[in-house]
Amino acid sequence: MIFPETEIRYVPGASFACFKRPIISPDGETGPECGAEIVMHGFWWCAQVCPSCLANYFTSGASSQHMGLDTAGFYPADTAARVRETIAANGGQYVPQF
């Protein structure tokens, strides 16, 4: 499931602050927004990944290109380690590997 579109539009090289809020209690209470800077890579069909909390943002499609936060996404530990290695190797920016 993806949150409704935001005012953030996909523009390669532009950046935005991560607005994911972690769940911090069993009753669903959420914490403060992550706030880490996400620099958008040049592949609009791939997730834009927060370098801090690994939240995934996607475009709503080629027609509007507004960004939405994937509420269901998370990485298993081995995948998260590879994603963090990719981020470190690219100066703090996630760039997908094909």
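Everything numeric here is computed off the predicted structure, so don't read it as measured data.

S.K.: Before we move on, can you summarise the packing of aromatic side chains with the specific residues and values?
M.R.: Aromatic ring pairs are reported here in terms of the distance separating the ring centres and the angle at which the planes meet. What the rule picks out here adds up to four aromatic pairs. The interplanar angle of 85° and the centroid separation of 5.0 Å between the aromatic rings of Phe16 and Tyr57 together place this pair among those described as edge-to-face. Of this pair, Phe16 sits in strand 1 (residues 15–17) while Tyr57 sits in strand 4 (residues 56–59), and the two are 41 residues apart along the sequence. Seen from their ring centres, Trp44 and Trp45 are 6.3 Å apart, and the 90° between their planes marks the pair as edge-to-face. Trp44 gets classed as partly exposed once you look at its relative accessible area, which sits at 34%. Through a chain of ring-to-ring contacts, three or more aromatic side chains come together here, namely Phe16, Phe19 and Tyr57.

S.K.: Tell me about the nonpolar core, residues and numbers included.
M.R.: Core analysis: the biggest nonpolar cluster contains eleven residues, these being Tyr10, Phe16, Cys18, Ala36, Ile38, Met40, Cys50, Ala55, Tyr57, Met67 and Leu69. Beyond its immediate sequence surroundings of up to four residues, Tyr10 is in contact with Met40, His41, Gly42, Phe43, Trp44, Gln48, Thr59, Gln65 and Met67. Within the second largest apolar cluster, seven residues are counted, among which are Ala47, Val49, Leu54 and Tyr94.

S.K.: Could you give me a rundown of the side chain of Gln93, with the residues and numbers involved?
M.R.: Here Gln93 is to be found in the segment after helix 1 (77–89). Of note is the side chain of Gln93, whose polar atom sits 3.3 Å from the backbone oxygen of Val39. Beyond its immediate chain neighbours, meaning those up to four positions away, Gln93 contacts Val39, Met40, His41, Thr86 and Ile87.

S.K.: Any details on the pattern of salt bridges? Residues and values, ideally.
M.R.: In total, this model carries two salt bridges according to the counting rule given. In this structure, Arg82 and Asp78 form a salt bridge, with 4.0 Å as the shortest nitrogen-oxygen distance. Of this pair, Arg82 and Asp78 both sit in helix 1, separated by four residues, roughly a single helical turn. Exposure remark for Arg82: the relative accessible area of 46% places this residue in the partly exposed category.

S.K.: Account for the environment of Gly35, with residues named and values stated.
M.R.: Topologically, Gly35 is positioned in the loop between strand 1 and strand 2 (37–39). Along the backbone, Gly35 and Pro96 are 61 residues apart, and their C-alpha atoms lie at a distance of 21 Å. In this view, Gly35 contacts Ala17 and Cys18; residues no more than four positions away in its chain are not counted.

S.K.: Explain the sheet that holds strand 4 to me, using residue names and the numbers behind them.
M.R.: Strand order in the open sheet formed by three strands is 3-4-5, with antiparallel pairing between adjacent strands. The strands lining the two open edges of the sheet, one partner per strand, are strand 3 (48–49) and strand 5 (67–69). Pairing analysis gives three bridges linking strand 4 to strand 5, with the strands arranged antiparallel. Among the inter-strand pairings, Tyr57 is bridged to a residue of strand 5, identified as Leu69.

Basis of the calculations
Residues numbered from 1 in each chain as written. Predicted model: local features only at pLDDT ≥ 70, side-chain atom pairs only at ≥ 80, totals over all residues. Heavy atoms only, no water. Phe/Tyr/Trp six-rings, centres within 6.5 Å; stacked < 30°, edge-to-face > 60°. Helix = DSSP H or I, 4+ residues; strand = E, 2+ residues; numbered from the N terminus. Buried < 20%, exposed > 50% of the residue type's maximum accessible area, 1.4 Å probe, protein only. Core = buried A, V, L, I, M, F, W, Y, C linked by side-chain atoms within 4.5 Å. Contact = heavy atoms within 4.5 Å. Polar contact = N/O pair within 3.5 Å; in protein donor to acceptor, adjacent residues only side chain to side chain. Salt bridge = Lys/Arg side-chain N within 4 Å of Asp/Glu carboxyl O. Pairing = 2+ DSSP bridges.

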